[in-house]
There are 2 protein chains.
Amino acid sequence: MEDPPPTPATPATPATPAFPGTSAPPAAPAGPAAPAGLTAPAAPTGSAATLHDVAREAGVSIATASRALNGSARNVRAENVARVRAAAAKLDYEPHLSAQAIAKGSTRTVALVVRDVADPYFSTIAAGVTQAATEAGLIVTMAVADGSPERELEIVRTLRGQRPRIIIVTGSRIEGTTTRDALIEELTQYRTAGGRVVLISQRDLPFGTVTIDDRGGSAALARALLARGYRRFAVFHAAPSLRTSRDRHEGFLSGLDGSGAPAPLAFETGFTRDGGHEAARRLVGRGMGDVEAVFAVNDVMAIGAMTAFREAGLIPGRDIGVAGFDDIAPAVDVLPALTSVAVPLREAGLTAMRLALSTDDPTAHHPLPAQVTLRSSTPHRPTP
Amino acid sequence: MEDPPPTPATPATPATPAFPGTSAPPAAPAGPAAPAGLTAPAAPTGSAATLHDVAREAGVSIATASRALNGSARNVRAENVARVRAAAAKLDYEPHLSAQAIAKGSTRTVALVVRDVADPYFSTIAAGVTQAATEAGLIVTMAVADGSPERELEIVRTLRGQRPRIIIVTGSRIEGTTTRDALIEELTQYRTAGGRVVLISQRDLPFGTVTIDDRGGSAALARALLARGYRRFAVFHAAPSLRTSRDRHEGFLSGLDGSGAPAPLAFETGFTRDGGHEAARRLVGRGMGDVEAVFAVNDVMAIGAMTAFREAGLIPGRDIGVAGFDDIAPAVDVLPALTSVAVPLREAGLTAMRLALSTDDPTAHHPLPAQVTLRSSTPHRPTP
DNA sequence: TTGTAGGCGTTATCAT
DNA sequence: ATGATAACGCCTACAA
C-alpha cells in the first residue's frame, strides 16, 4: 500500500524546488564545534505546508487561520474554525516551531547538558527531565559534555543560540576556577536575558539547584557499617576535582568521626567500573592488611571491585565487605547483593524541571535525600 | 556552608510564565512580556543581543555583520571582520538559531525518538546518535515514546513542527497495522518534504534502517550452546508484538533446527529484569523438568532470572545454564558471568546518523552484526 | 468577526 | 566590499 498522492492542493505554487540532491555541501559548519569525521549534512527542503497554504485552502486570511488554529479561537466564527481545521488536516500542516519562536519571542524548549547519556546515572536523570518536560509541553534538547569543563562551557555558550526557556546542567565538575567563573558568567548572562537555570548536583553556584545528599548519605552509610561491626575501611574514590566523589568521600569520613575507627586507606582511581576493578587489584596487591570493608564512591566501581576481589580469591561479603553509592538496578542482582545508598535520580530530573517552571526564587536549593540500603555484601560482622 | 548571596535578581523581568500543569501545550501566556511602555532608554529588558546590536556596536550595516560572523567572510574587509567579531564578543552575541532556521529554510537539528531513555539499550544508542550529531554540528532533540505506538505516532507528527533535518526512530513496536500505516504515512510525508528518516531495529519499513542481527545472533547462540552440550531449553520472551523479542525467539529456534533437540519451553513475560525474574519463578514452580538451559531474550531478563534461580536454591551455571542477549555492561560482573550476544549499540546510533547524512539511497538497510560471547553461566556440559 | 500591516532576527539578492 | 531591502513563517495590535 502506497501513500496516496497528495492532493495537488497547491496548484499555483511551483516555488521551492524539490531535492537539490547531491548539490552544495554547506560550507564548513562554522562555529566553534569543528566538524570532525562525517560528511556534511545533506540538503534539506522540499517544503512543507505553511499557514499561508492553509489559509488559502480554507479561503480565509492568514490571520484568521492563525487564530483558528492556535490563538484565541474564540473570536473566530465556528464555521471558519472548522474550515481551517479541515484545511490544516488535509494539508498535514504543522506549525513551524522556529517561526513561532521568533514571532512570539520565546521557545518551548529545555536544554539539558549531561556528562554522558550512556551512563545510567545521567540517563535516569534525563528520563525524569524528559517526562516533566513532556507534561509541560516542552521539547528537550540534549548535549553531552563528556566530562570536559571546557566542552561544557562551550556547550552552554552555543546553547544560548537556541534561546531555550530552561537550561539544566547536570554532572559537571567545575572546580578549576577559570572555567568555573566563565560558566557562571555565561549562565548569568542567560538568566538576565530571561532564561531559567537549574543545576543538578552542582552545589555552591548561584542558581537553582537540585542536590543529592552525597555527604549525608555517605555519613549515614559509614555509621550503618560501624553498627554492623566494621571498623577498618578502604575508600575507592575518584579525583577530588570531581565534586561528587569528594563529597561522598568526605561524608564517609565524617560519619566515622568520633567512632574511634582508624582513618581509612584511600585509593584514587577512575569513577568507572574499571576504576573500581583496578583499585581493588591494587589493594589486594599491596596486601589487604586488616581492611574489613571497602566503600567505593559509586556502585559501578563497587561492582567492578567485587569482581576483582573474586578474581583474587576473596569472596565479597565474606572475606571483605563492599559498599557503593547510587543503588543502581544491578545492585540487587550481583552476588552478594550490594549495599549502597539509594538516590532518587529520576526524581532529581523531575524536581529540576519543577524548580525551573516555578515562579519562586530562581536560586532556590532543593536537596534530595539519599537512603542507606544495606544488603548482603556487608553482613553483620561476628562480634569478637 | 551556604550559597553566597545571589546576584541581584532581575527586578522587572517576569520572564517565563507559569505553565499549564496537566493541560494542553498551547498555554496562552497571559501578560505582556515587559512594561516596555514609555521612553526606552538603556532598556534592561531581558532580551539577548541581536545582530542588529552587534552591527550598531561595530558601526557597520547589519548585512555586513551577518557576513562577517556567519556567511562568506571572504567578502568583508578584514578590519570590519575584526570590528564585528569584537562587538559580538563584547555583547556576548549568539545567533538566534530559530531566526537562522527560518531565514535559511532549514534547521540543524536531528530528532530522536526512543522508547525509554533510562533503559541502557536506548541510552547507549542515544549516545551514539548524539556523538555523531555533535561531530556534524547538529543539535539533538529527544522524545520518549514510552512503548506506546499511539504516543510514538503523535510524537512523530508534532516533531515535524521542528522541521528537523533528520528523524531517527528507535525501538518502536509497530505491529498493529493501524498505527503502523499512519506512522509510515507520517514519515513519508516528512520525507517528501525533504527530511531524512532512519529507523533503528525496525525492519520492513520503507525507510533507511539500521538493523541488529537479532535472528542471526540468536541462531548462532543456539548453535554455540548445542556445541557446549545443551539440548533442552526454555526461552523467556516478551509479547510477540515486540519485534525484537520475536526475532530473537525465532532465531533461537531456527538455530536449533536440525539438531534434533526438542522444542524449547516458552515463557512469555515482561521485557524487563522483573519479567525474567518472574518467568524463572514460574519455571521453577512448575518443576524444572529436564531443562538444561534458559535463553532470555535480553540480558536484564537473564540477570533477573539468575537471581530468581538462586533464590530458589538453584545455582546458575551449575544447576541451570543461562544466556541472554545484548551483552550489557553488568554481564561480566554478575556471578556467574553471563553468556550473551554482544550488540554494537553505540555503533547503531553512529550508523544511523551516517545513513541519514549520506546522500545515498535513503531507504538503504544497514545490518549490524551480533556476536556470541560465551561465559561461565553456560559452561560445557559433561558429555554423558 | 475579519483582514491589513508591521515586526521578530537572519539570510540573501540586489544595487551601489 | 557594503548597505538597503525583500523574504522566511508566524503572531498580533490595530482597523474595518
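If you're wondering where the values come from, they're calculated on a predicted model, not measured in any experiment.

Trainee: What is the right way to look at the packing of helix 2 (residues 62-69) of chain B against helix 3 (residues 78-91) of chain B in this model?
Mentor: In a packed pair of helices, the relevant descriptors are the angle between the two axes and the axis-to-axis distance. Residue and element names in this part refer to chain B. Packing of helix 2 against helix 3 leaves a shortest axis separation of 9 Å and a crossing angle of 85 degrees. As far as their axial angle goes, helix 3 and helix 2 are roughly perpendicular. Along the contact surface, helix 2 presents Ala65, Ala68 and Leu69, while helix 3 presents Val81, Val84, Arg85 and Ala88.

Trainee: What am I meant to see in the environment of Arg381 of chain A here?
Mentor: All names here are of chain A. Among the structural elements, Arg381 can be located in the segment after strand 12 (371-373). Along the primary structure Arg381 and Arg318 are separated by 63 residues, whereas in three dimensions their C-alpha atoms are 9.2 Å apart. Beyond its immediate chain neighbours, meaning those up to four positions away, Arg381 contacts Arg228, Gly229, Tyr230 and Glu292.

Trainee: What is the right way to read the domain arrangement of chain A from this model?
Mentor: Much of the literature gives interface size as the accessible area that the parts lose upon coming together. One can read the domain layout of chain A as domain 1 (51-102), domain 2 (106-212 + 347-368) and domain 3 (214-342). The C-alpha centroid of domain 3 of chain A is placed 61 Å from the C-alpha centroid of domain 1 of chain A.

Trainee: When you look at the protein's contact with DNA strand C in this model, what are you seeing that I'm missing?
Mentor: Looking at DNA strand C, there are 26 residues lining it, with Thr64, Arg67 and Asn80 of chain A together with Leu51 and Ser66 of chain B nearest. Sugar and phosphate atoms constitute 64% of the interface atoms of DNA strand C, taking the interface as everything within 4 Å of the protein. Ala103 of chain A is positioned such that a nitrogen or oxygen atom in its backbone is 3.5 Å from a base oxygen of DNA strand C. Between DNA strand C and the protein, one listed contact pairs a phosphate oxygen with a backbone N or O atom of Leu51 of chain B at 2.4 Å. Listed by contribution, the elements that provide at least two residues to the surface near DNA strand C are helix 2 (62-69) and helix 4 (97-104) of chain A together with helix 2 and helix 4 (97-104) of chain B. In terms of residue class, the surface near DNA strand C is made up of 12 nonpolar, 9 polar and 5 charged.

Trainee: I'm lost on the side chain of Thr244 of chain B in this one. Help?
Mentor: Residues and elements named next belong to chain B. Note on placement: Thr244 falls in helix 9 (residues 243-256). The buried category is assigned to Thr244, whose relative accessible area is 13%. Look past the residues within four positions of Thr244 in its chain and what remains in contact with it is Ser201, Asp214 and Phe271.

Trainee: Can you help me understand the protein's contact with DNA strand D in this one?
Mentor: In the region of DNA strand D, 25 residues are neighbours, and Leu51 and Tyr93 of chain A together with Thr64, Arg67 and Asn80 of chain B sit closest. Interatomic distance of 2.9 Å between a side-chain N/O atom of Ser66 of chain A and a phosphate oxygen of DNA strand D. Taking Ala103 of chain B, its main chain carries an N or O atom lying 3.4 Å from a base oxygen of DNA strand D. Those elements that provide at least two residues to the surface near DNA strand D are helix 2 and helix 4 of chain A together with helix 2 and helix 4 of chain B. The greatest single-element share of the surface near DNA strand D, amounting to 5 residues, is contributed by helix 4 of chain A. Residues of the surface near DNA strand D, tallied by class, amount to 12 nonpolar, 9 polar and 4 charged.

Trainee: I keep staring at the packing of aromatic side chains and nothing clicks. Help me out?
Mentor: By convention here, two paired aromatic rings are described through the distance between centres and the angle between planes. All names here are of chain A. Under the criterion given, the structure shown has 8 aromatic pairs over all chains. Here the aromatic rings of Phe252 and Phe295 are separated by 4.6 Å at their centres, their planes lie at 15 degrees, and the arrangement is stacked. Here Phe252 is found in helix 9 (residues 243-256), whereas its partner Phe295 is found in strand 8 (residues 293-296), with 43 residues between them in sequence. For Phe252, a relative accessible area of 0% gives the class buried. Joined through ring pairs, the aromatic side chains of Phe233, Phe252 and Phe295 make up one cluster.

Trainee: Any chance you could explain the UniProt feature "domain: HTH lacI-type" (unreviewed entry) in chain A here in plain terms?
Mentor: UniProt annotation of "domain: HTH lacI-type" (unreviewed entry) refers to residues 49-104 of chain A when read in the numbering used here. Taken end to end, residues 49-104 of chain A is 68% helix and 0% strand, and its two terminal C-alpha atoms sit 20 Å from one another.

Definitions and limits used
- All residue numbers refer to position in the chain's written sequence, counted from 1.
- Written order decides the labels, with chains lettered from A and ligands numbered from 1.
- Note on the predicted model: pLDDT of at least 70 is required for a residue's local features to be given, and 80 or more for side-chain atom pairs to be given and counted; whole-chain, interface and lining totals, by contrast, use all residues.
- Heavy atoms throughout the structure, all of them, feed into the side-chain values; hydrogens and water do not.
- Between the N-to-C directions of two axes lies an angle of 0 to 180 degrees, each axis being a line fitted to C-alpha atoms and, for a helix, fitted only over the stretch in contact.
- The helix and strand labels rest on DSSP assignments: H or I over at least four residues marks a helix, E over at least two residues marks a strand, and numbering proceeds from the N terminus.
- When an angle is under 35 degrees it counts as roughly parallel; over 145 it counts as roughly antiparallel; between 65 and 115 it counts as roughly perpendicular; any other value is oblique.
- Here a residue-residue contact requires only that any non-hydrogen atoms of the pair lie within 4.5 Å.
- Domain borders in the structure are assigned automatically or taken from a domain database.
- Consider each residue's heavy atoms; a residue with any of them within 4 Å of a molecule or strand counts as near.
- Side-chain atoms alone can form a polar contact between residues adjacent in sequence; in general such a contact is a pair of N or O atoms within 3.5 Å, and within protein one must be able to donate a hydrogen while the other accepts it.
- For this classification, Asp, Glu, Lys and Arg are treated as charged, while Ala, Val, Leu, Ile, Met, Phe, Trp, Tyr, Cys and Pro are nonpolar and the rest, including Gly, are polar.
- Burial here depends on accessible area, computed with a 1.4 Å probe over protein chains only, as a share of the maximum for the residue type. Under 20% is buried, over 50% is exposed, and the range in between is partly exposed.
- Two aromatic rings, drawn from Phe, Tyr or Trp (for Trp, its six-membered ring), form a pair once their centres lie within 6.5 Å of each other, and the interplanar angle then sorts them: stacked below 30 degrees, edge-to-face above 60, tilted otherwise.
- UniProt positions are given in the numbering used here, feature names are shortened, and annotations may be inferred rather than shown by experiment.

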